[in-house]
Structures are given as C-alpha cells and as structure tokens.
Amino acid sequence: PGTAVATAGAAEYVDPSTAAPPLTPDQIAFRKGSDACFLLRVEFPSQSQTRNPVVTDFVPAGTSYVTGSAVITDNSTLTGGDVAFSLDSAGNPVWAVGVPSAGNRFAPKSAVFEAVLAVSIDEAAEGDTPDIVGNLMKFRSENSAGQAISLRDQLDLEIAPLPPVSLVKGISRITPAVPSG
C-alpha cells in the first residue's frame, strides 16, 4: 500500500507520512526478517560550495545494511563521479560527496544529495514490548581552514517482539482399561 517513492534494491520505499491511503500501525511495524528502507537527503547551501562533504548512515542496532541496496535517487543533483560509496569497518554506508578537485571534493552551491538504502531486521525485540532503535545519519564537511563541521539527524524505528507462541497439552479422553494387543 502507499506510494512508491524510490527503489532500494528489491525493497520498495514508502513514505509513511504521505502514503495514500494512510498506513496502519501493523503496516509500518518491523519484525525480525523485515526490511526497512531509509531516505537520506542533504540540501547544500546556495551561498557557497561545501568542501569534503561525507554522509554516513549508522544503521540501527539489531539490523544490517542490505548489500547493494544503496541507490542515488533521481532527486539527487550529485550522481556518478560526484559520489563515492563505501562501507566503514562496522558495515555502515558512507558516501564521499562532491566534484573531485585537487585532492578534495566540493559540492556545488544548492546541490542536493539524496539516496535510499535498506536494512534487514536481524533481531526481534526482547519480551513483549517493541524496541525503539535509531537510524542515525551524520554529515561532515570542512571549512576553508580544514576544520570539521558536523550535523546529524536520527529517525527512530520500532522493532516488534516475536509473536507469542503458546502450547497447550491435555488429555483428550480417558479409557477405563488398557487396550490389549
């Protein structure tokens, strides 16, 4: 249900805030084995270029990045050689963004970086209440003196516990004597 905004690998990205018809809580609940997609967007200033911008997505605890799912969307003005994708040592997606020049990268004025990626829910919540985990996006760049400037944004994600399972053992009938034979 809802409107597909972009595709990350085989996972469909649906923005729950604008889906038509609106999504129910069950439709946006994430459980072990589910995939969740995240939309990352950086709008660069119109007054100046941005030096050595890097976008890192720290995937939530209990999830893992789905290999090959990171896709630059059609809304991004930075594409191809303007974006270098890698994974950090913890498996988090990292994009070095901007036009390469003399050992640096520069994002042009008013540029837009937008990507989608998928994570797989690897662990269920403990107990009978959902866990809330955060997907953290960090943005880092440098000023003309080489000093780092950092920004961050986080989206919380609710991971549901495993459905309760019950087992009932009982006697279905009692016979007066042990059958022979």
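All values derive from a computational prediction rather than experimental measurement. (Residues numbered from 1 in each chain as written. Predicted model: local features only at pLDDT ≥ 70, side-chain atom pairs only at ≥ 80, totals over all residues. Heavy atoms only, no water.)

### A few points about the overall build of the protein
Working step 1: Across its full length, the protein carries zero helices and 13 strands.
Working step 2: Put simply, the protein has 181 residues, and 34% of those count as buried.
Working step 3: Taking all contacts inside the protein whose residues are at least 6 apart in sequence as the whole, residues at least 24 apart take part in 71%.
Working step 4: About 11,300 Å² of surface is accessible on the protein, with carbon and sulfur atoms providing 53% of the total. (Helix = DSSP H or I, 4+ residues; strand = E, 2+ residues; numbered from the N terminus. Buried < 20%, exposed > 50% of the residue type's maximum accessible area, 1.4 Å probe, protein only. Contact = heavy atoms within 4.5 Å. Areas by Shrake-Rupley, 256 points an atom, 1.4 Å probe, with all protein chains shown as cover.)

### Examining the pattern of salt bridges
Working step 1: Scanning the entire structure with this criterion turns up three salt bridges.
Working step 2: A salt bridge links E114 to R41; the nearest nitrogen and oxygen atoms lie 2.7 Å apart. With E114 in strand β11 (residues 112-121) and R41 in strand β3 (residues 35-43), the pair connects residues that are 73 residues apart, well separated along the chain.
Working step 3: In this structure R41 comes out as partly exposed when scored by relative accessible area, which is 36%.
Working step 4: Residue E142 pairs with R51 through a salt bridge whose shortest N-O separation is 3.7 Å. (Salt bridge = Lys/Arg side-chain N within 4 Å of Asp/Glu carboxyl O.)

### So, the packing of aromatic side chains
Working step 1: Per the stated rule, a full pass over the model turns up four aromatic pairs.
Working step 2: Ring plane angle 65° and centroid distance 5.8 Å describe the contact between F44 and F139, whose orientation is recorded as edge-to-face. A residue pair is termed long-range when its members are at least 10 positions apart, and F44 in the loop between β3 and β4 (50-58) and F139 in strand β12 (residues 131-142) qualify at 95 residues.
Working step 3: On the basis of relative accessibility, which here comes to 6%, the residue F44 falls in the buried class.
Working step 4: A relative accessible area of 11% means that F139 is categorised as buried. (Phe/Tyr/Trp six-rings, centres within 6.5 Å; stacked < 30°, edge-to-face > 60°.)

### Looking at the confidence of the model for the protein
Working step 1: In this model, the protein carries a mean pLDDT of 82, and residues with pLDDT of at least 70 account for 80%.
Working step 2: Taking the mean pLDDT of every element in the protein, the minimum, 39, falls on strand β1 (residues 4-8) and the maximum, 97, on strand β8 (residues 93-97).
Working step 3: Scored below 50 in pLDDT, residues 1-11 shows 31 contacts in the model against residues more than four places distant or in partner chains. (pLDDT = per-residue confidence, 0-100.)

### Here we look at the nonpolar core
Working step 1: Of all hydrophobic cores here, the largest spans 24 residues; its most connected members are F44, V55, L78, W95 and F113.
Working step 2: Counting only elements with at least two residues in this core, the list comes to β3, β8, β11, β12 and β13 (148-159).
Working step 3: Ranked by residues supplied to this core, first place goes to β11 with five residues.
Working step 4: For F44, the residues in contact, after removing those within four places along its chain, are T50, P53, L78, V97, A107, P108, S110, A111, V112, F113 and F139. (Core = buried A, V, L, I, M, F, W, Y, C linked by side-chain atoms within 4.5 Å.)

### What to know about the environment of V55
Working step 1: On the secondary structure map, V55 appears in strand β4.
Working step 2: Distance in space between the C-alpha atoms of V55 and R140 is 6.6 Å, their sequence separation being 85 residues.

### A few points about the side chain of S141
Working step 1: Looking at where S141 falls in the secondary structure, it is placed in strand β12.
Working step 2: Beyond its immediate stretch of four places on either side in the chain, S141 contacts T50, R51, N52, P53, Q147, A148 and I149.

### Focus: the pairing of β11
A regular strand places its side chains so that they alternate between the two faces of the sheet.
Working step 1: Here β11 lies mainly inside the structure; 10 of its 10 residues are buried.
Working step 2: The side-chain alternation of β11 yields two buried faces, one formed by V112, E114, V116, A118 and S120 and the other by F113, A115, L117, V119 and I121.
Working step 3: Inspection of the sheet shows β3 paired to β11 by nine bridges, in the antiparallel sense. Pairing of L39 across the sheet is with V116, part of β11.
Working step 4: In this sheet, β11 lies alongside strand β5 (residues 63-65) in antiparallel orientation, the contact comprising three bridges. Bridging across to β11, Y65 finds its partner in V119.
Working step 5: Sheet topology note: the strand β6 (residues 71-72)/β11 ladder contains two bridges and is antiparallel. Its bridge partner lying in β11, I72 is registered against A115. (Pairing = 2+ DSSP bridges.)

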